[in-house]
Amino acid sequence: MAEIRTETAIVGAGQAGVPLARALAEAGRLVVLVERRHLGGSCVNFGCTPSKAVIASARLAAAARRAGAMGVGIPSVAVDFAAVMARARRLVAESRGSLEESFRGRDNPRLLCAEARLEGRRDGLFRLRAGGDVVLAERVVLDTGTRSARPPLPGLNSVPLVDSESWVGLEALPGHLVFLGGGTIALEMAQCFRRLGAEVTVLEQGERLAEHEDPDVAEALCDALEADGVEVRLGVEAVRAVPEGEGLRVHLRGGEVVEGTHLFLAAGREANSDGLGLETLGVVPGKRGVVAVDGGLCAGVPGLYAAGDLRGGAQFTHAAYDDFRVLRDRFLGDGTATTERVVPYAIFTEPELGRVGLSETQARAAGRAVRVGRYRMRDSGKAREIGRTEGFVKVVADAGTGEILGAAVLCAEGAEVVQLFTQAMVAGATAREMLRAIAIHPTFGEAAKNAVAALVDG
Ligand SMILES: Cc1cc2nc3c(=O)[nH]c(=O)nc-3n(C[C@H](O)[C@H](O)[C@H](O)COP(=O)(O)OP(=O)(O)OC[C@H]3O[C@@H](n4cnc5c(N)ncnc54)[C@H](O)[C@@H]3O)c2cc1C
Ligand SMILES: NC(=O)c1ccc[n+]([C@@H]2O[C@H](COP(=O)([O-])OP(=O)(O)OC[C@H]3O[C@@H](n4cnc5c(N)ncnc54)[C@H](O)[C@@H]3O)[C@@H](O)[C@H]2O)c1
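Everything numeric here is computed off the predicted structure, so don't read it as measured data.

Novice: Please give an account of the overall build of the protein that cites residues and values.
Specialist: The secondary structure content of the protein amounts to 13 helices and 22 strands. Compactness check: the protein gives a C-alpha radius of gyration of 24 Å against a globular reference of 23 Å for 458 residues, within 12% of the reference. If one aligns the C-alpha atoms of the protein with their principal axes, the spans along those axes are about 70 × 60 × 45 Å. Out of the 458 residues in the protein, the part that is buried amounts to 44%.

This is the structure:
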């Protein structure tokens, strides 16, 4: 057993852990990074990278099927599922490989490939067991991410299951996927697998998909899935899963039965905080295993920090990466950086939903007097020219000052277009100030500007 003394120990080579380890080492500070599985964490290995690669293939198949409407004949569209998945896994292997290469042969950051567990704190040092090694660290950063939550559904373990991690290993196209849950993962993956040729049913216990979005946005997303042939069942309660031949049956309350070949678990995520030994420091995780932090990401014990999905709140790659900025500033800078920030996000369906700030529902629930500007994509020149008229832009502003409070951009490239509103919000811009910027014609930026104009004029 080796005893390793370090200034900073980082647990989890995810979106905050890797850049932080590099930055500390570059500044000449001793750092140990402990990872139990693959460098790059969820985003690289089974999240953003492979899902967006497969979604790109599915979008291409859908565009090819629509080509006739644009005067381009594509007589038949064949999806080679194995090739689609092989391409995605190749991208994963490339990203992971270059990360592995960047750590090879280095003693700072020192990479330990092991499961880490805290064993309390003595003489001002955290004690961390990592396989056969013991790390003694002045501070510890936990960046251990999340995993698919497993709802307490009787029979769950007896049926063919896919989750947000194992899907990446699929070799053959599932015949009929039944999604349990209708949030971000289900929206993206249900549309994608349907476009690749699978039958898809989504079972959502709530009254709408994407429960955190405004009802008009959620309804438009639901319409988009249904237009692709996804069967969406809202307000249903799965009470039992039963194997049936090669597949399964899901029994719903009320007696109805849904059949499929695989159950896709998309019922939320829970943080990897169990097994970390947090109890040895008196830290008790909250709902879904989340570790509470302050604005500087300190987890309640001096010297203990939590970053990325583990700390709850915005669970996205770019938010985890921004936690790196906060921690780097805490450890190497003047220590004033905080997590008070504007975090945009997207749902990569078609149309794509780009979101930032407050939704109309959230703004009204917070007691704000708001104005809402809306613009339909079917009125946009660019959308009509490229044959992508679905969706709308919706912008929410303070009724008194005109300050932009949030936006939902549901259109082709909505995740790109919403960045306009992110910039405006960070700059504290009002609707009138946004209108001073000329938008290029023909672009979706014009549609965004027209939604802002509707806010001022409407
Ligand atoms: C299917 C899917 C698609 C997604 N798509 C997007 C997207 O398009 N855009 C977006 O912004 N976000 C997306 N996300 C979310 C994104 O992947 C996460 O928000 C992001 O990866 C979180 O990074 P993290 O650093 O918090 O944790 P992770 O990237 O999960 O890293 C945590 C690491 O800690 C390691 N670990 C855990 N416990 C221990 C331990 N005890 N000892 C040692 N190591 C440990 C894990 O093995 C893992 O490598 C997606 C997620 C999924 C599942
Ligand atoms: N584009 C992106 O940025 C992106 C993409 C994929 C995943 N992610 C990450 O993953 C998270 C989303 O994961 P998710 O979609 O699993 O969770 P979610 O919280 O978005 O949605 C879960 C849904 O499942 C429903 N549900 C829960 N238990 C159920 C049950 N027993 N039966 C039926 N419905 C049930 C809930 O009502 C909810 O609507 C995001 O918050 C983000 O962190 C992000």
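Novice: Residue-level account of the sheet that holds strand 8 (residues 161-162), with values.
Specialist: Backbone-to-backbone hydrogen bonds join strands into a sheet, with any given pair of strands oriented parallel or antiparallel. Spatially, five strands are ordered 8-15-9-10-11 in an open sheet, and the strand pairing comes out parallel. The sheet is open, and its two borders are formed by strand 8 and strand 11 (231-234), each paired with just one other strand. Summarising the sheet, strand 10 (residues 199-204) and strand 11 pair through four bridges and their orientation is parallel. Paired with V202 across the two strands is V232, which belongs to strand 11. Of the strands in this sheet, strand 9 (176-180), strand 10 and strand 15 (262-265) touch helix 5 (residues 184-196), which is tilted by about 160 degrees from strand 10.

Novice: Can you break down the UniProt feature "domain: Pyridine nucleotide-disulphide oxidoreductase dimerisation" (unreviewed entry) in the protein residue by residue, with the values?
Specialist: Mapped onto this numbering, the UniProt entry gives "domain: Pyridine nucleotide-disulphide oxidoreductase dimerisation" (unreviewed entry) at residues 343-451. With 34% helix and 28% strand, residues 343-451 has its two end C-alpha atoms placed 21 Å apart.

Novice: Any chance you could break down the site of ligand 1 for me, citing the residues and the numbers?
Specialist: With respect to spatial proximity, 35 residues lie near ligand 1, and among them G12, G14, G41, G145 and G308 are the closest. Every element with two or more residues in the shell around ligand 1 is listed here: strand 2 (31-35), helix 2 (41-45), helix 3 (48-66) and helix 7 (317-332). Of the residues belonging to the shell around ligand 1, the class tally is 13 nonpolar, 15 polar and seven charged.

Novice: Give me the lowdown on the site of ligand 2, citing residues and values where you can.
Specialist: By nearness alone, 25 residues border ligand 2, and G181, G183, I185, A267 and Q315 come closest of all. Residue assignment for the shell around ligand 2 shows that the elements contributing at least two residues are helix 5, strand 10 and strand 18 (345-347). Top element by residues in the shell around ligand 2 is helix 5. It accounts for four residues.

Novice: I'd like to hear about unusual backbone geometry, residue by residue, with values.
Specialist: Note that the residue after N108, namely P109, is joined by a cis bond; omega there is 0 degrees. The topology assignment puts P109 in the loop between helix 4 (81-103) and strand 3 (110-113). Looking along the chain, the bond that leaves E350 and enters P351 is cis, with omega of 0 degrees. Along the polypeptide, P351 turns up in the loop between strand 18 and strand 19 (352-357).

Novice: Can you explain the packing of helix 3 against helix 5? Please cite residues and give values.
Specialist: Two numbers describe how helix 3 lies on helix 5: the axes approach to 8 Å, and their chain directions differ by 45 degrees. The orientation of helix 3 with respect to helix 5, classified from their angle, is oblique. Considering only the axes of helix 3 and helix 5, their crossing is left-handed. Between helix 3, through S51, V54, I55, A58, A61 and A62, and helix 5, the contact on the second element is made entirely by E188, C192, R195 and L196. When the residues that make up the contact of helix 3 with helix 5 are grouped by side-chain class, the tally is seven nonpolar, one polar and two charged.

Novice: Just give me the short version of the pairing of strand 5 (residues 125-130), but keep the residues and values in it.
Specialist: Two faces belong to every sheet, and in a regular strand the side chains alternate between them. When strand 4 (residues 116-122) meets strand 5, the two strands line up antiparallel, connected through five bridges. Bridge pairing in strand 5 links A116 to A130. What sits between strand 4 and strand 5 in their antiparallel hairpin is a turn of two residues, with D123 showing a positive phi close to 50 degrees. One ladder, built from five bridges, connects strand 5 with strand 6 (residues 133-142); its direction is antiparallel. For F126, the partnering residue across the bridge sits in strand 6 and is A137. Hairpin connection, strand 5 to strand 6: the antiparallel pair is bridged by two residues, and G131 has positive phi, about 60 degrees.

Novice: Run through the nonpolar core, naming residues and quoting values.
Specialist: F179, A190, L221, F264, V395 and C411 are the most contacted members of the largest nonpolar core, which totals 83 residues. Per-element accounting of this core gives the leading share, eight residues, to helix 5.

Novice: Which residues make up the sheet that holds strand 14 (residues 257-260), and what values go with them?
Specialist: Within the open sheet, the three strands sit side by side as 12-13-14. Their pairing is antiparallel. In this open sheet, the two edge strands, each paired with only one partner strand, are strand 12 (238-244) and strand 14. Strand-to-strand, the axes of this sheet are offset by a mean angle of 20 degrees, without reference to chain direction.

Novice: Any details on the pairing of strand 2? Residues and values, ideally.
Specialist: Summarising burial for strand 2: five of the five residues are buried, a large majority. Alternating positions in strand 2 separate into two faces, V31, L33 and E35 on one and V32 and V34 on the other, with burial throughout. With four bridges joining them, strand 1 (residues 3-11) and strand 2 adopt parallel strand pairing. Paired with A9 across the strands is V32, a residue of strand 2.

Novice: Go over the packing of helix 1 (residues 17-26) against helix 7, please, and point to the residues and values.
Specialist: A packed helix pair is summarised by two numbers, namely the angle formed by the two axes and the spacing between the axes. Taken N-terminus to C-terminus, the directions of helix 1 and helix 7 make an angle of 30 degrees; their axes are 9 Å apart at the nearest point. Relative to helix 7, helix 1 is oriented roughly parallel. In the packing of helix 1 onto helix 7, the handedness of the crossing is right-handed. Contacts between helix 1 and helix 7 pair P19, L20, A23 and L24 from the former with Y321, F324, L327, R328, F331 and L332 from the latter.

Novice: For the UniProt feature "binding site: NAD(+)" (unreviewed entry) in the protein, give the residues involved together with the corresponding values.
Specialist: The UniProt entry lists G181, G182, G183, T184, I185, A186, L187, E188, E204 and G268 under the feature "binding site: NAD(+)" (unreviewed entry), expressed in the numbering used here. Spanning 88 residues, the named residues nonetheless gather at one spot, since no C-alpha pair among them exceeds 14.4 Å. Tracing the backbone shows G182 in the loop between strand 9 and helix 5. If near-sequence neighbours (up to four positions away) are discounted, G182 is found in contact with V202, E204 and L209. Positionally, L187 belongs in helix 5. Not counting residues up to four positions away in its chain, the partners in contact with L187 are L209, A210, L221, L225, I347 and T349.

Cut-offs applied
- Residues numbered from 1 in each chain as written.
- Chains lettered and ligands numbered in written order.
- Predicted model: local features only at pLDDT ≥ 70, side-chain atom pairs only at ≥ 80, totals over all residues.
- Helix = DSSP H or I, 4+ residues; strand = E, 2+ residues; numbered from the N terminus.
- Rg over C-alpha atoms; globule rule 2.2 N^0.38 Å.
- Buried ≥ 20, exposed ≤ 12 C-beta atoms within 10 Å, placed from the backbone.
- Pairing = 2+ DSSP bridges.
- Contact = placed C-beta atoms within 7 Å.
- Axes fitted to C-alpha atoms, helices over the stretch in contact; angles between N-to-C directions.
- UniProt positions renumbered as here; feature names shortened; annotations may be inferred.
- Near = placed C-beta within 6 Å.
- Nonpolar A, V, L, I, M, F, W, Y, C, P; charged D, E, K, R; others polar.
- Parallel < 35°, antiparallel > 145°, perpendicular 65-115°, else oblique.
- Left-handed = near helix turned anticlockwise from the far one by under 90°.
- Core = buried A, V, L, I, M, F, W, Y, C linked by C-beta atoms within 7 Å.

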